[in-house]
Amino acid sequence: MVSESHLRPEDLVAPLFVREGIDEAQPISSLPGQFQHTRASLRAEVRELAQLGVPAVVLFGVPERKDPEGSEAWNPDGIMQLALQDLRDDHGDDMVLIADLCVDEYTDHGHCGVLDNKGQPDNDRTLALYRNIAIAQATAGADIVAPSGMMDGQVAAIRDALDDGSFEQTAILAYAAKYATALYGPFRDAVDVTIVGGGNRKGYQQDVANAREAMEEIRSDIAEGADMVMVKPAMPYLDVIARARAEVDVPIAAYHVSGEYAMVHAAAERGWLELEPVALEHTLAIKRAGADMILSYFSRMLAEAMQ
Ligand code: PBG
């Protein structure tokens, strides 16, 4: 009766990977219980999530062919687009389909944009690619596109492209305060991404030391037309979630990322922690801090526990 926060399956979003050119779902060793799905195994997984009451999934595509621009990301027959169509066919409007919008899974160099002659993403040339991806994803049935590349002006460019393409109803969930954390490692295994030359994303993702800067990113994404904003990772940035909740009125998403999930699993495997109570505590803390929706690899396990 006196609990101030409650978790429900409706709070959860399940991140899922779909890979082109495989016959069977491949387990991801650094993300126990998670898979690179085939189109068929993805459909089966999403059916089960729907039955558990999880209202939304966020999809990541792993193409067979990578190139300098990441052109498979906007190929109408690319793996992401085919998977979106499958899920739209299966669920109609009963499952919210969020498409991660970025090129790092699709580029041969692993950066989130097309590179300039210094080997860093060229911000403005990348925006043109993001516009193409937004149209491809919306055409394939995405309800929400979620730009995760942290290019300046990406939300405005995508909103403009969607409106031009008569996708006024397609929403934007902006990865607004996305930190250059050391916690994305297992994800990069999941999408077969190695950043060329041992590089990193500190040139475009947030400095982990900064919270005021995160608020500036959140405000500018909302001004550019973001319908929802995200803080990522979640647990080390609860202060940013709480601050965002106090300052803005759009829905706030938080992403409990691959490294956060992997840490809990690794400790549980050693018998040092109990998996489910720790997963629940993490997720409830993120809710308490002010997140309206939580992207988590624990979504399925938690939803099962809540039945
Ligand atoms: C980029 C993207 C990343 C994640 C989601 N979208 C990785 C990155 O920026 O390197 C990380 C998610 C996770 O760690 O679970 N497309």
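Just so we're clear, the structure is a prediction, and the values are computed from it rather than from any experiment.

Student: Account for the site of the ligand, naming residues and giving values.
Tutor: In the vicinity of the ligand, 17 residues are found, and the nearest of them are Asp-104, Lys-178, Arg-188, Lys-232 and Tyr-297. In the model, a nitrogen atom of the ligand is placed 3.0 Å from a nitrogen or oxygen of the Glu-105 side chain. Here an oxygen atom of the ligand sits 2.7 Å away from a polar atom, N or O, in the side chain of Arg-188. Contact with the protein chains removes 100% of the 400 Å² of surface that the ligand exposes when unbound. When grouped by side-chain class, the residues that make up the shell around the ligand number 7 nonpolar, 3 polar and 7 charged.

Student: Describe helix α4 (residues 154-164), with residues and values.
Tutor: Residues of α4 that are buried: Gln-154, Val-155, Ala-157, Ile-158, Arg-159, Ala-161 and Leu-162. Ser-166 lies just past α4 and shows a positive phi near 60°.

Student: Go over the environment of Leu-295 with me, naming the residues and quoting the values.
Tutor: Relative to the helices and strands, Leu-295 is located in strand β10 (residues 293-296). The spatial distance from the C-alpha of Leu-295 to the C-alpha of Ala-234 is 9.3 Å, given a sequence separation of 61 residues. Excluding its chain neighbours within four sequence positions, the residues that come into contact with Leu-295 are Val-13, Pro-15, Val-58, Met-230, Ala-253, Ala-254, Tyr-255 and His-256.

Student: Break down the pairing of strand β1 (residues 12-19) for me, with residues and values.
Tutor: The element β1 is extensively covered by neighbouring structure, given that 7 of its 8 residues are classed as buried. Of the pairings in the sheet, the one linking β1 to β10 comprises 2 bridges and is parallel in character. When the sheet's bridge partners are listed, Leu-12 is paired in β10 with Ile-294. Examined bridge by bridge, β1 and strand β4 (residues 56-62) share 7 bridges and lie parallel to one another. Considered in β4, the bridge of Arg-19 is made with Val-62. In this structure, β1 lies alongside strand β3 (residues 35-37), joined through 2 bridges in parallel fashion. Bridging from a neighbouring strand, Phe-17 pairs with Gln-36 of β3.

Student: Describe the nonpolar core, listing the residues and the values that go with them.
Tutor: Formed by 107 residues in total, the largest nonpolar core has its most connected members in Phe-17, Val-57, Leu-59, Tyr-130 and Ile-218. Residue contributions to this core peak at 8 residues, all from helix α3 (residues 123-140). Apart from residues lying up to four places away in sequence, Leu-59 is in contact with Leu-16, Leu-42, Met-80, Ala-83, Leu-84, Leu-87, Ile-98, Ala-99 and Asp-100.

Student: Lay out the pattern of salt bridges with the relevant residues and their values.
Tutor: Considering all chains together, one arrives at 23 salt bridges under this definition. Of the charged contacts in the structure, one is a salt bridge between Asp-104 and Arg-201, with a shortest N-O distance of 3.1 Å. Taken together, the positions of Asp-104 in the loop between β5 (96-101) and α3 and Arg-201 in the loop between α5 (185-190) and α6 (212-224) put the pair 97 residues apart, joining distant regions of the chain. For the pair formed by Asp-104 and Arg-201, the shared burial category is buried.

Student: Run through the packing of aromatic side chains, naming residues and quoting values.
Tutor: Within the structure shown, the criterion is met by 9 aromatic pairs. An angle of 80° between the planes, with centres 5.0 Å apart, marks the rings of Phe-60 and Phe-187 as edge-to-face. Highlighted residues: Phe-60 in strand β4 and Phe-187 in helix α5, separated in sequence by 127 residues. We classify Phe-187 as buried; its relative accessible area is 11%. A cation over a ring is seen here: Lys-178 above Tyr-184, with NZ or CZ 5.4 Å from the ring centre. Above the ring of Phe-187, the side-chain terminus of Lys-232 is found at 6.0 Å from the ring centroid.

Basis of the calculations
Residues numbered from 1 in each chain as written. Predicted model: local features only at pLDDT ≥ 70, side-chain atom pairs only at ≥ 80, totals over all residues. Heavy atoms only, no water. Near = heavy atom within 4 Å. Polar contact = N/O pair within 3.5 Å; in protein donor to acceptor, adjacent residues only side chain to side chain. Areas by Shrake-Rupley, 256 points an atom, 1.4 Å probe, with all protein chains shown as cover. Nonpolar A, V, L, I, M, F, W, Y, C, P; charged D, E, K, R; others polar. Buried < 20%, exposed > 50% of the residue type's maximum accessible area, 1.4 Å probe, protein only. Helix = DSSP H or I, 4+ residues; strand = E, 2+ residues; numbered from the N terminus. Contact = heavy atoms within 4.5 Å. Pairing = 2+ DSSP bridges. Core = buried A, V, L, I, M, F, W, Y, C linked by side-chain atoms within 4.5 Å. Salt bridge = Lys/Arg side-chain N within 4 Å of Asp/Glu carboxyl O. Phe/Tyr/Trp six-rings, centres within 6.5 Å; stacked < 30°, edge-to-face > 60°. Lys NZ or Arg CZ within 6 Å of the ring centre and 35° of its normal.

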